[in-house]
Amino acid sequence: MSTAPRHLDHIVVAAPDLEDAVRRIETATGVRLEQGGVHPRFGTKNYLATFGDGTYFELIGADPENTEFSGERAFRVDEVTEPRAVAWAIEPESIEAATAAARQAGADLGAPFPGSRRNPDGTLLQWRLTPPLAEPSGVIPFLLDWEGSTSPAFTVQPRLSLVHLQATHPDPDYARAVLAALGTDLAVGEGPERLTVTIEGPTGRLAL
């Protein structure tokens, strides 16, 4: 298995149809994702699996029961036509320091703001994060601080292996410089803006 990027918290895959994506992942890997919860502010819900090393996989899509939401959903949920990796998050020692370092390297990741959701058992998770796609390619991670809450990486039961996380970017030197400023790393080649994750379970691999 590959080594995860430094400070990796989780990888986000967006899907136009969550239930279909859950089935596709299970068919390919043999792993059935666990329902996480809903994000009323974003009009989304998610399914999760742990990578087993304090990091995790998040599948996100529209919450069909949230009929009050209007506008554009986060993580390009309304744009994707198939499940694909759209973002990843790191948990730096200090969001403020990392944001400043990214700005010095030429990337404005935005101001941190609070987020929360409830697990199916009612447990409240709270965190702070920078806007998920402030750097729109998805190649540069957003920043997250769990603020004392327990990451889903330690609580969900399904387990996948992270085989690869890699990217292409029209200006890979810029992307690598920002990643270095954030204290993390990722294989970035030259090409269209694209993030790709390859996951594995007991019955096979899947690239998204």
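Given the structure is predicted, the values throughout are model-derived calculations rather than measurements.

Draft legend 1. Seen up close, the overall build of the protein. Regarding its fold elements, the protein presents 3 helices and 12 strands. Its C-alpha atoms give the protein principal-axis dimensions of about 40 × 35 × 30 Å. With 208 residues in all, the protein has 51% of them scored as buried. In the protein, the share of contacts with a sequence separation of at least 24, taken over all contacts with a separation of at least 6, comes to 65%. A total accessible area of about 9,400 Å² is found for the protein, and carbon and sulfur atoms account for 46% of it. If the 17 positive side-chain charges of the protein are averaged to one point and the 29 negative ones to another, these points end up 2 Å apart.

Draft legend 2. Summary view of unusual backbone geometry. Even without a glycine there, the phi angle at His-7 is positive, about 65°. Examined against the element boundaries, His-7 turns out to sit in the segment before strand 1 (8-14). In this structure, Arg-76 takes a positive phi of about 60° despite not being glycine. Residue position: Arg-76 is located in the loop between strand 4 (56-62) and strand 5 (84-90).

Draft legend 3. Quick peek at the sheet that holds strand 6 (residues 113-118). If you trace the 8 strands from one edge of the open sheet to the other, you get 2-3-4-1-5-8-7-6, paired in mixed fashion. Each of the sheet's edge strands pairs with one partner strand only, and the pair in question is strand 2 (34-39) and strand 6. Taken over all neighbouring pairs, the strand axes of this sheet differ in orientation by 30° on average, direction set aside. Sheet topology note: the strand 1/strand 4 ladder contains 5 bridges and is parallel. If you follow Val-12 over to strand 4, its bridge partner there is Glu-58. Taken strand by strand, helix 2 (residues 95-104) contacts strand 7 (124-129) and strand 8 (142-145), and its axis lies near 170° from that of strand 8.

Draft legend 4. The arrangement of the pattern of salt bridges in detail. The final tally for this structure, using the stated rule, is 11 salt bridges. Of the charged contacts, one joins Asp-173 and Arg-176 as a salt bridge, the two residues approaching to 3.0 Å between their closest N and O atoms. Of the two residues, Asp-173 and Arg-176 are both situated in helix 3 (residues 172-181); the distance of 3 residues between them amounts to about one turn of the helix. Accessibility expressed as a relative area gives 55% for Asp-173, which makes it exposed.

Draft legend 5. Geometry of the side chain of His-39. Looking at the element boundaries, His-39 is found in strand 2. Once you skip the residues sitting within four places of it in the chain, His-39 turns out to touch Thr-44, Lys-45, Asn-46, Glu-58, Ile-60 and Arg-117.

Draft legend 6. Molecular detail of the confidence of the model for the protein. Per-residue confidence for the protein gives a mean pLDDT of 93; residues scoring 70 or more make up 99%. Confidence scores differ between elements of the protein, with strand 6 showing the lowest mean pLDDT of 83 and strand 12 (residues 204-207) the highest of 98.

The rules behind each value
Residues numbered from 1 in each chain as written. Predicted model: local features only at pLDDT ≥ 70, side-chain atom pairs only at ≥ 80, totals over all residues. Heavy atoms only, no water. Helix = DSSP H or I, 4+ residues; strand = E, 2+ residues; numbered from the N terminus. Buried < 20%, exposed > 50% of the residue type's maximum accessible area, 1.4 Å probe, protein only. Contact = heavy atoms within 4.5 Å. Areas by Shrake-Rupley, 256 points an atom, 1.4 Å probe, with all protein chains shown as cover. Lys, Arg positive; Asp, Glu negative; His and termini not counted. Charge placed at Lys NZ, Arg CZ, Asp CG, Glu CD. Pairing = 2+ DSSP bridges. Axes fitted to C-alpha atoms, helices over the stretch in contact; angles between N-to-C directions. Salt bridge = Lys/Arg side-chain N within 4 Å of Asp/Glu carboxyl O. pLDDT = per-residue confidence, 0-100.

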